[in-house]
Amino acid sequence: MFSSFFNSSTVDPKAPNLYPVSGFEPKTSASDLFGDLRPTDLEWACSGGFVTETQTFYHFLEDDTMLMCQVIHSSIGMWYPTIQFTCKIYNPNTSETLWRSINVTNFVTPPPGLDKRSCKADQFSITCNPSADPSFPEKYDIRANLSDDFQISLEVARPASVPGFKLGQGPKGGFTYFGQDVTKPDGYVVHRFWPHTRATGHVIRKGQATPVNGIGMFVHAIQGMRPNLVASRWNFGTFQSRAHGGVAAVQMEFTTLETHGRHGAGSGGVTVNVGAVVLGGKLAVVTAETRWPDEVPEETAPVMSRVTHVEPEHDPDTGYRKPSAFEFRWAGPSILTVPQGTVSASLCVDVGGVAQPKGLIEKVDVLAEIPYVIKTMVNYVAGTKPYIYQWQNKAKLVVRGQDSVIPGLSEGLEIEGLFFNEASFIS
C-alpha cells in the first residue's frame, strides 16, 4: 500500500482510460471486425469482485409472440453470488405479458459431464451440446420450472451458415477495457453473439403445452465493473425475419460516463457499438463504431454501427428523455468469401410519444427488480433511478449488398420482420 510513495513514475491524467473494442480508429477490414467464437468464449466466467454476467435468449414465435429467457449471475465483492432466472413472454396481439424472475438455488457450472458453457440449478438447466443435425451444429437445451403452473422446454440451435461472433480475433476479442492499464484494467465489458437462431419446444402454462417454433438470437455478456460506473445508457436491438432464408440484424451499444474517455476523466460520453447483419441465412457483415463526444460522425462512413434517438421527450414516469423513434444503421465489408464487397442496412422504428406509445412492452424499474444486496452496493446518483424501456414492433430493414446473396440486393431491398429493442437509462 506504500508503493506509490517510492514510485518515481507519474500517471498522466490525460492518458486514455477507455480502450473500446471498436477501436480508437475505425476498423475497416473484415478480419479486424469478425472474430470467430471458440467454445471457451461462451463459458461462464463467474468472476469475483463486482461482475454481472448473463446468458440471454430472444425469440419471436410464429404468432409474433416474443419469448425471452435470461440467466443473471451477479457477484458483489465478498458476498455469495446471486443467480436469477428470468423469463418474459409478450403477445403483441393481446398485449398480454407473462413475467417470472426467480432466485435460484444450488447453481453449478459446469454440470457433470459438460463444459462451462452449461449450467444448472434446482430450478433450471441450460446445457450446450453438439447437434446430430449438421445444418445446426450447436445447440442449447433449456429446461426451467418457474412455478407450479409455468414451465419451459426449449432447444435453441445455431445454423451452420451463421457462425457465432465477437468483435476481433483471439481470446481478448470482444473486450472493452476501463482504466489506463489494459493488462490490469479497472473493469471491462464483453459480448459474444449468436445473431440468428432457431428455437423449438414447448411452453407449459397451467398444464397446457403450447408449441414453440421461433427465430431469434443469443448473447453472452459480462460487465466486469459496477454497472453504474460502466455506462450512462445502453441501446440494444434485434431484428428477425424468415424472409429470403433468414434475415437478422443486431446491435449492442453503450455510452460511457464522463469518467472514461481517450483523455482520461472528463473526456467521457464515448459511445461504443457492435453489430451484425445476416442475409440469405448467412452472416454477411460484422460492424463496429466508436463515437467520440468531440467529433461529428461521418454520414457516409464505410464502416458504421450506430443508433440515433429521434425527437426525445421528457417522461414524467421515469425522469428521462425517451425517444419517439429510433434509427439503426449498419455498414461494413462483407465477410462472405464470395462475393466480397460491402453490406449496408438501416431500420427506423416509431415507438410513439409518452402519451401514445407504440409497441411499448414495459418500463422496467431496475432497482425494483435487482436483489436487495446489489442495490445496497451500487451508489446511484441521488435522485436518479435506472430504467429500461422495452418495445416490440413490426419493422422494415432496408438492406443493400451483392445480388448473389439475395437477388435484387444491389438495388436495395425492404425486408419485413419483427424488431425488439431496449433503451436503458442508468444516470
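Residues numbered from 1 in each chain as written. Predicted model: local features only at pLDDT ≥ 70, side-chain atom pairs only at ≥ 80, totals over all residues. Heavy atoms only, no water.

Side note on the nonpolar core
Ranked by internal contacts, the top residues of the largest apolar core, which has 40 residues, are Phe165, Trp234, Leu283 and Val286. If sequence neighbours within four positions are ignored, Phe165 has contacts with Phe34, Gly35, Leu37, Arg192, Phe193, Pro195, Val274, Gly275, Ala276, Leu283 and Val286. Ranked by size, the runner-up nonpolar core spans 34 residues in total, among them Cys119, Ile142, Val203 and Phe218. (Core = buried A, V, L, I, M, F, W, Y, C linked by side-chain atoms within 4.5 Å. Buried < 20%, exposed > 50% of the residue type's maximum accessible area, 1.4 Å probe, protein only. Contact = heavy atoms within 4.5 Å.)

Some thoughts on the pairing of strand β19 (residues 304–310)
Of all seven residues that make up β19, five are buried, and the element is covered over most of its length. Bridge analysis of β19 against strand β22 (residues 325–333) gives seven bridges, and the strand direction is antiparallel. By the bridge assignment, Val307 is partnered in β22 with Phe328. (Helix = DSSP H or I, 4+ residues; strand = E, 2+ residues; numbered from the N terminus. Pairing = 2+ DSSP bridges.)

Overview of the packing of aromatic side chains
By convention here, two paired aromatic rings are described through the distance between centres and the angle between planes. For the coordinates displayed, the defined rule picks out 24 aromatic pairs. When the centroid spacing of 5.1 Å and the interplanar angle of 75° are considered together, the rings of Phe328 and Phe419 count as edge-to-face. Taken together, the positions of Phe328 in strand β22 and Phe419 in strand β26 (residues 413–425) put the pair 91 residues apart, joining distant regions of the chain. Both residues of the pair, Phe328 and Phe419, belong to the buried class. Ring pairing ties together the aromatic residues Tyr320, Phe326, Phe328, Trp330, Tyr389, Trp391, Phe419 and Phe425, which thus form one cluster. If you follow Lys172 out to its NZ or CZ, it ends over the ring of Phe175, 5.7 Å from the centre. The lysine or arginine in question, Arg262, covers the ring of Trp292, its NZ or CZ lying 4.3 Å from the ring centre. (Phe/Tyr/Trp six-rings, centres within 6.5 Å; stacked < 30°, edge-to-face > 60°. Lys NZ or Arg CZ within 6 Å of the ring centre and 35° of its normal.)

What to know about the environment of Val366
Here Val366 lies in helix α4 (residues 366–369). A residue is classified by how much of its surface remains accessible, and Val366, at 13% relative accessible area, is buried. The residues touching Val366, leaving out its near neighbours within four places in the chain, are Pro386, Tyr387 and Ile388.

Description of the pattern of salt bridges
Applying the stated criterion across every chain, the model contains 23 salt bridges. The closest approach of N and O atoms between Lys139 and Glu155, which form a salt bridge, is 4.0 Å. Of this pair, Lys139 sits in strand β9 (residues 138–147) while Glu155 sits in strand β10 (residues 150–158), placing them 16 residues apart in sequence. The partner of Glu253 in a salt bridge is Arg291, with the nearest N and O atoms 3.2 Å apart. Within this pair, whereas Glu253 is found in strand β16 (residues 247–255), its partner Arg291 is found in strand β18 (residues 282–291), the two being separated by 38 residues in sequence. (Salt bridge = Lys/Arg side-chain N within 4 Å of Asp/Glu carboxyl O.)

Remarks on the confidence of the model for the chain
Summing up the model confidence of the chain, the mean pLDDT is 93 and the portion of residues at 70 or higher is 93%. Under a pLDDT of 50 for its full length, residues 1–8 has, in the predicted model, zero contacts with residues more than four places off or in other chains. (pLDDT = per-residue confidence, 0-100.)

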